[in-house]
Amino acid sequence: MINLVNKKIIIYFSIALILTLTLTLFFLSLFPSNYYIYLFNRINISKIDNNSIDANLSFLTHKMIQYDLDTKITSKEIANKAFSNTNYFFNQVVKDCKFEQEQTISDITNYISCANKKLGEYFYYQPSKEVSNNYANQRSDCDLNTYLLLDVARLVGIDAYIIYSPHHAFLAVKSKNHKVILWETTDNNNKGEKIDFTNKDFSNLDTNELNVDFASSFYKENNRIPYYRYYNGVDAFNLYKILVSDVPKINSSDLLDNSKVDYSNLIEDSYLKNPENVIIEEAYIDLLVQENRINDDIVRDIENSLKTDVTNQVKHISLAIFYKNKRMFDKAGEHVKTLLKSNLCDKDCIDLVIELKLENNLYLLQKYVDFHNSSLVKDLKEFLGLKDVYYTYEDYKKVRINFAWYLLDILMIILCWYVLISIPKLKKLIIRK
């Protein structure tokens with residue numbers, strides 16, 4: 001009787017364990033691995049407990065936070081939290097990072113290294129756009145890191161610049177003898193590291209253009225403005241207005257409509273003044289798509305620009321939408337396929353993959369998209385602070401592979417469980433024979 005009870009307990013426990021593992025592995029397989037990395041990084045940062053919400057608009061970051069507040073990108077409460085968190089970071093740098101006024105290469109490197117380590121201690125890496133909502137939640141990425149380091153460099157009189165590259169940004173600082181140090185702010189879990197471009201001299205800032213050895217780095221080659229040029233805090237603030245132009249506004253739809261008119265004027269004026277700037281150009285093209293103002297002449301210009309700007313996501317997506325609306329599906333597919341080959345196919349691109357039927361496993365891809373668009377997942381991502389994190393087509397492919405492996409693991413667990421419970425029966429069978 002006791003053995004029978006024990007067997008039942010073992011069976012029920014085994015079934016519960018298998019179901020738990022199955023559900024856990026299934027959940028893990030639904031998200032790209034970077035989601036879990038962001039969560040892990042979030043758990044491991046030091047919490048900020050600070051009530052200083054004073055805004056110092058001489059700081060670039062505070063000026064940007066105030067801009068977010070003025071343009072309804074964020075609320076007063078979140079803006080105050082962002083002011084508080086950045087103030088705490090600045091105070092920690094002042095307290096713990098010493099700087100020798102000689103401003104030698106060594107002095108500057110040690111100071112920036114210390115400041116970036118403090119940054120990584122209090123802000124974890126996650127792709128971000130607007131400063132307010134991310135600094136308030138102790139999140140930061142390449143450009144938001146660089147804004148913070150521009151401020152702490154200015155605190156001690158270091159000449160510092162932001163350098164934009166395709167889908168990235170990093171820091172440049174100059175010593176008194178005009179030697180330049182390039183700094184990658186996101187390496188080492190957001191704690192930064194000096195960039196070493198072997199045999200490259202970056203001492204001349206007069207040309208305002210950085211000569212990068214693309215063959216030995218992960219930085220994407222592109223000679224369009226503003227890439228690989230030195231920009232100060234004023235330039236960064238002006239470009240920031242364009243970068244956040246598509247960030248949703250808070251409160252009512254009336255506020256969204258009012259701000260949209262303002263941003264339309266801002267983008268069009270900026271484009272008229274600086275049509276060579278690819279970041280402004282992308283915002284302008286995106287605006288034309290939203291307002292259905294793309295015509296054949298604009299399409300011709302975009303097609304010509306893609307000869308030297310081959311992997312520009314905004315341009316390929318804009319042209320794909322244009323050709324799709326014209327029912328020129330083959331032409332639309334060519335632009336989407338270019339992004340697929342370049343591993344640059346993000347959410348909008350994936351929607352086009354499904355609509356144009358460019359993938360073999362469309363059913364699975366559609367279900368994956370539906371899952372990520374469901375209210376359950378959106379609420380979960382909001383709760384976990386991942387609402388702005390999206391998957392790419394490459395993420396989807398990795399998830400499919402992971403799902404296959406997890407399914408195999410589950411089958412192996414079930415097989416092992418079946419073997420284990422069958423051993424006593426096999427023993428009895430052998431003894432009888």
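See the structure shown above.
Read on for an overview of the structure. In this text the structure is predicted, and so the values were computed from the model without any measurement. (Residues numbered from 1 in each chain as written. Predicted model: local features only at pLDDT ≥ 70, side-chain atom pairs only at ≥ 80, totals over all residues. Heavy atoms only, no water.)

**A closer look at the overall build of the protein chain**
The helix and strand tally for the protein chain stands at 18 helices and seven strands. Taking all 433 residues of the protein chain together, 45% fall into the buried category. Approximately 23,600 Å² of the protein chain is accessible, and the part contributed by carbon and sulfur atoms is 55%. (Helix = DSSP H or I, 4+ residues; strand = E, 2+ residues; numbered from the N terminus. Buried < 20%, exposed > 50% of the residue type's maximum accessible area, 1.4 Å probe, protein only. Areas by Shrake-Rupley, 256 points an atom, 1.4 Å probe, with all protein chains shown as cover.)

**Topic: helix 15 (residues 347–355)**
If you check which residues of helix 15 are buried, you get Cys349, Ile350, Leu352, Val353 and Ile354. Following helix 15 by one or two positions, Lys357 adopts a phi angle in the positive range, close to 55°.

**What about the pattern of salt bridges?**
Should the charged atoms of two oppositely charged side chains come close, the side chains can pair. Going through the model one piece at a time under the given rule, you end up with 13 salt bridges. One salt bridge in this structure joins Asp246 and Lys129, with 3.1 Å as the shortest N-O distance. Placement of Asp246 in the loop between helix 9 (233–243) and helix 10 (253–273) and of Lys129 in the loop between strand 1 (124–125) and helix 6 (131–135) is noted, with a sequence separation of 117 residues between them. The partner of Lys315 in a salt bridge is Glu281, and the shortest N-O contact between them spans 3.0 Å. Note that Lys315 is positioned in helix 13 (residues 313–325) and Glu281 in helix 11 (residues 278–290), a separation of 34 residues in sequence. By the burial criterion, Lys315 is buried, and Glu281 matches it. Each of the salt bridges in this network shares a partner with another, and the network as a whole consists of Arg224, Glu281, Asp309 and Lys315. (Salt bridge = Lys/Arg side-chain N within 4 Å of Asp/Glu carboxyl O.)

**Details of the state of the cysteines**
Defined simply, a disulfide is a covalent bond joining two cysteines at their sulfur atoms. Under the criterion given, the structure shown has two disulfides. One disulfide in the model links Cys345 with Cys349; its S-S distance is 2.0 Å. One quick way to see it: the torsion about the S-S bond of Cys345 and Cys349 is about -100°, and its sign makes the bridge left-handed. Side by side, Cys345 and Cys349 carry an identical accessibility label, which is buried. (Disulfide = S-S within 2.5 Å.)

**Thoughts on the pairing of strand 5 (residues 180–184)**
Taking burial as the measure, the five residues of strand 5 include five buried ones, the bulk of the element. Judged by which residues are buried, strand 5 turns out to be covered on both faces: Val180, Leu182 and Glu184 on one side and Ile181 and Trp183 on the other are all buried. The pairing of strand 4 (residues 168–174) with strand 5 spans four bridges and is antiparallel. Its bridge partner lying in strand 5, Ala172 is registered against Leu182. Linking two consecutive strands that pair antiparallel, namely strand 4 and strand 5, is a turn of five residues; a positive phi of about 70° is found at His178 within it. (Pairing = 2+ DSSP bridges.)

**Here's the deal with the sheet that holds strand 5**
Ordered in space as 6-5-4-3-7, the five strands form an open sheet in which the pairing is antiparallel. Where the open sheet ends on each side, the last strands, each with one partner, are strand 6 (193–194) and strand 7 (230–231). Examined bridge by bridge, strand 3 (residues 159–165) and strand 7 share two bridges and lie antiparallel to one another. By the bridge assignment, Ile163 is partnered in strand 7 with Tyr230. Where helix 5 (residues 105–122) meets the sheet, its contacts fall on strand 4 and strand 5, and the angle it forms with strand 5 comes to roughly 20°. (Contact = heavy atoms within 4.5 Å. Axes fitted to C-alpha atoms, helices over the stretch in contact; angles between N-to-C directions.)

**Some words on the pairing of strand 3**
Of all seven residues making up strand 3, six are buried, and the element is well covered by its neighbours. Looking at chain direction, strand 3 and strand 4 are connected through seven bridges and run antiparallel. Its bridge partner being in strand 4, Ile162 is matched across the sheet by Leu171. If you look at the hairpin formed by strand 3 and strand 4, you'll find two residues sitting between the two strands, and His167 has a positive phi there, around 65°.

**Some points on the environment of Leu171**
With respect to the helices and strands, Leu171 occurs in strand 4. Among the residues examined, Leu171 registers a relative accessible area of 0% and is labelled buried. As a C-alpha pair, Leu171 and Ala160 span eleven residues in sequence and 7.3 Å in three-dimensional space. Other than its neighbours up to four places away in sequence, Leu171 contacts Ile112, Thr146, Leu149, Leu150, Ala160, Tyr161, Ile181, Leu182, Trp183 and Thr185.

Everything listed here is a matter of geometry and, on its own, says nothing about what the molecule does.
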